[in-house]
Amino acid sequence: MAAPSDDDHRYETSDDDDDTEDETSSSDELGRHASAAAEEDAALGSRRSGSLFMACCGGGGVGWPARSTATTSSTKLRRRRVAGEWNRIYLLACAMGLFVDPLFFYALSVSDAYMCLFVDGWFALTVTALRCMNDLLHLFNLFLRFTAANHRSAAPTPGRRYYLKDKKGFFLDLFVILPIPQIVLWVAIPSVLKAGSVTAIMTLFLVTFLVQYLPKIYHSVRVLRRMQDHSGYIFGTVWWGIFLNLIAYFVASHAAGGCWYLLGIQRAAKCLEDQCKSTTHCIPQILSCRQPIYYGSTTRPIASPRVIWAHNNHTRYTCLSSPDHYSYGAYKWTVQLVANENRLEKVLLPIFWGLMTLSTFGNLESTTEWVEVVFNIISLTGGVLLVTMLIGNIKVFLNATTSKKQAMQLRMRNLEWWMRRRQLPVGFRQRVRNYERQKWAAMRGVDEYDMIRNLPEGIRRDIKYHLCLDLVRQVPLFQHMDDLVLENICDRVKSLIFTRGEMITREGDPVQRMLFIVRGHLQSSQVLRDGVKSCCMLGPGNFCGDELLSWCLRRPFVERLPPSSSSLITLETTEAFGLEAEDVKYVTQHFRYTFVKEKVKRSARYYSPGWRTWAAVAIQLAWRRYKHRLTLTSLSFIRPRRPLSRCSSLGEDRLRLYTALLTSPKPNQDDFDF
């Protein structure tokens, strides 16, 4: 929240027939903490200033400059926000890593022309690049955790040793970024292909994948739980919770589909191997392509056995044309993928299969092979657990969202019924509706003071001190007070919301509270003589109700509340902190030594709207007297000076009229002589 500029306070005088229009621009919101009050910068546009009164008082020294204090608490808060944003990014990076790893399976493919197994080189390069970029984020997080371990410990070396010895810390963070899939894909699989062991490739690939993928899932869940334990939430909104659950379900379907595709290629390779054994002049090396890593070259095989094998239509018809001629079981859909050159279809169909399998709990055909049976059991059991958790979590999130809206709708129905029963005017009804809508838009049905009211006193005071300190320090009246006084003030302020056009205080009414504006603008108007009004604008950082200070510090003390010297009207939706009269009395009585300081008294006089109005009128009156004297001096060369007894000229009559119109009641000098 920025302090108002010099243009935030404009004073003007207007008769009943004169209207003054103010053109204001809405404030831009910078950000809101999940459990704190809003802090935003407000800027006012230029306003029309036609009178000398506004020129004297609106332009020079009325506002105060914004204060940018780099305190330790604000620095820590900024670091926590940056750390929280990075943790969210890192959590999404973990989810992306879980999505990238199954893509390595789709690099394996079967050539339809030569009926041999190969590695798709360009696809393998793309997946490896994605995995390396994801590993860089993990390395950066590893560096941040290693650095944070030094800051948390008094001595850097013990902090490092503790983090390095933590099995679930450093070693788990390091294990999840080991390039195991890259080594298997680029080193192990080409070697095995050259050896001709095509069915063993899938077993090797699947085992090494699970060795790292399962700890990676545990690592991601651990990051998620750590964020929840640290801050109580992850992204701060319910819809992000639903989105994370859908991401988890989608990643699980993607992983299940990738394993299904790999096992389907293994079944197709086994079919080719069986056909090779029953074919003369066929050796196992023929089942692996001459180039294990294929980049799309058009070189044709020259060896005669490979040419003969490529023209074996019976094998192609049995293994690759249709799943009906071989016992594929649950992998029969993979027949249309293993030799498919469209990479997008090769990735999307397994994801669809995974979503369908994990959500329907059945409709799977299976053979008697134990690997296939175990895979089907794991898929169905995981589907039951995931769907149960997904539906349960989404139901909880939706209830958390809709319950507040339902409570708001019920309250509005009750208010509408009550207003109709009492036959309130339409204007009153609209004001009530506007207030309820603004209150809901500001806090979404959450009463933060009701939430912290039942907390222990120490926690409650610390929380309110944290929430309100920066806002209270923006008030110039409190800039010269110590932390003990500010802590008591923060403990007693209350958040208030006013809709546009609300009359907060009428001139002459007892002052109930002091208001410290956080957002929005108020118009303070004071009626002078003959119906003339003096108006000023109060914006973020301003305060009103300073009559309570002189009332509390006056001796002897008078129980009657002081009258308000001006009327306050909201020009837009306004948020403010209020300090009730009893709370002002408590603070001033217990910390009277603070309010007798000369700096505090000067601030109270300088920023008081009443004193500013009187000063502006006095300056304008002195200026007009000076201009009138200059006019009389210039006329003295034309006509002789009249005697002093006959000085009741027309100009003097006008001067008296101006004095009667512009002179406002000066604030009591003793009010600020604490």
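Residues numbered from 1 in each chain as written. Predicted model: local features only at pLDDT ≥ 70, side-chain atom pairs only at ≥ 80, totals over all residues. Heavy atoms only, no water.

Our working definition: UniProt positions are given in the numbering used here, feature names are shortened, and annotations may be inferred rather than shown by experiment.
Under the annotation held in an unreviewed UniProt entry, the protein carries the name Cyclic nucleotide-binding domain-containing protein and is attributed to Linum tenue. In its Sequence similarities (unreviewed entry) section, the UniProt entry covering the protein states "Belongs to the cyclic nucleotide-gated cation channel (TC 1.A.1.5) family." Taken from UniProt, the Subcellular location (unreviewed entry) comment for the protein reads in full: "Endomembrane system".

**Describing the overall build of the protein**
Rules: Only DSSP runs of H or I with at least four residues qualify as helices, and only runs of E with at least two residues qualify as strands; both kinds are numbered from the N terminus onward. Relative accessibility under 20% of the residue-type maximum defines a buried residue, over 50% an exposed one, and the middle range a partly exposed one, all with a 1.4 Å probe and only protein chains included. Contact criterion: two residues are considered in contact whenever any of their non-hydrogen atoms come within 4.5 Å of each other. Computed by Shrake-Rupley with a 1.4 Å probe, the accessible areas treat only the displayed protein chains as cover when residues are assessed.
Each helix and strand in the protein was counted, giving 23 helices and 14 strands. Within the protein, the fraction of its 674 residues that count as buried is 43%. In the protein, once contacts between residues fewer than 6 apart in sequence are set aside, the share between residues at least 24 apart is 76%. Looking at the protein as shown, the accessible area adds up to about 36600 Å², and 59% of this sits on carbon and sulfur atoms.

**Re unusual backbone geometry**
Positioned with a positive phi, methionine 115 is a non-glycine residue whose angle comes to about 50°. Within the secondary structure layout, methionine 115 lies in the loop between strand 4 (108-110) and strand 5 (117-120). Accessibility expressed as a relative area gives 0% for methionine 115, which makes it buried. The phi dihedral of glutamine 423 falls on the positive side, at around 55°, and the residue is not glycine. Along the chain, glutamine 423 falls in the loop between helix 13 (370-422) and helix 14 (426-443). Taking relative accessible area as the criterion, glutamine 423 reaches 67% and is therefore assigned exposed.

**Concerning the pairing of strand 9 (residues 513-519)**
Threshold: The criterion for strand pairing is that DSSP finds at least two bridges linking the strands in question.
Buried residues dominate strand 9, accounting for 6 of its 7 residues. Here 6 bridges tie strand 9 to strand 14 (residues 574-580), and the two strands are oriented antiparallel to one another. Residue pairing across strands places methionine 514 opposite leucine 579, the latter belonging to strand 14. Inspection of the sheet shows strand 9 paired to strand 12 (residues 543-544) by 2 bridges, in the antiparallel sense. When the bridges of strand 12 are listed, phenylalanine 516 appears paired with phenylalanine 543.

**Brief notes about the pattern of salt bridges**
Convention followed: Salt bridge, as used here: a side-chain nitrogen of Lys or Arg that lies within 4 Å of a carboxyl oxygen of Asp or Glu.
Inspection of every chain in the model, using the stated rule, returns 17 salt bridges. Residue lysine 216 is joined to aspartate 101 by a salt bridge in which the shortest nitrogen-to-oxygen separation is 3.1 Å. Of this pair, lysine 216 sits in helix 7 (residues 198-231) while aspartate 101 is found in the loop between helix 2 (72-100) and strand 4, placing the two residues 115 residues apart along the sequence. Assigned by exposure class, lysine 216 and aspartate 101 land together as buried. Here arginine 267 ties to glutamate 372 by a salt bridge, and the two come within 3.0 Å at their closest N and O atoms. One end of the pair, arginine 267, is in helix 8 (residues 238-277); the other, glutamate 372, is in helix 13, with 105 residues separating them in the sequence.

**Considering the packing of helix 17 (residues 483-492) against helix 19 (residues 581-590)**
Keep this limit in mind: Axis definition: a line fitted to C-alpha atoms, over the contacting stretch in the case of helices. Angles run 0 to 180 degrees between N-to-C directions. Working definition: roughly parallel below 35 degrees, roughly antiparallel above 145 degrees, roughly perpendicular at 65 to 115 degrees, and oblique for all remaining angles. We call a crossing left-handed when the near helix sits turned anticlockwise from the far one by less than a right angle, and right-handed when that turn is clockwise. Gly counts as polar in this scheme, as do all residues outside two lists: the nonpolar Ala, Val, Leu, Ile, Met, Phe, Trp, Tyr, Cys and Pro, and the charged Asp, Glu, Lys and Arg.
Relative orientation of the contacting elements helix 17 and helix 19 amounts to 165°, with a least axis distance of 10 Å. By the angle class used here, helix 17 and helix 19 are roughly antiparallel. In this structure, helix 17 meets helix 19 at a crossing whose hand is right-handed. Residues Val485, Asn488, Ile489 and Arg492 of helix 17 lie in contact with helix 19, whose contacting residues are Asp583, Tyr586 and Val587. For the contact of helix 17 with helix 19, the residue count by class is 4 nonpolar, 1 polar and 2 charged.

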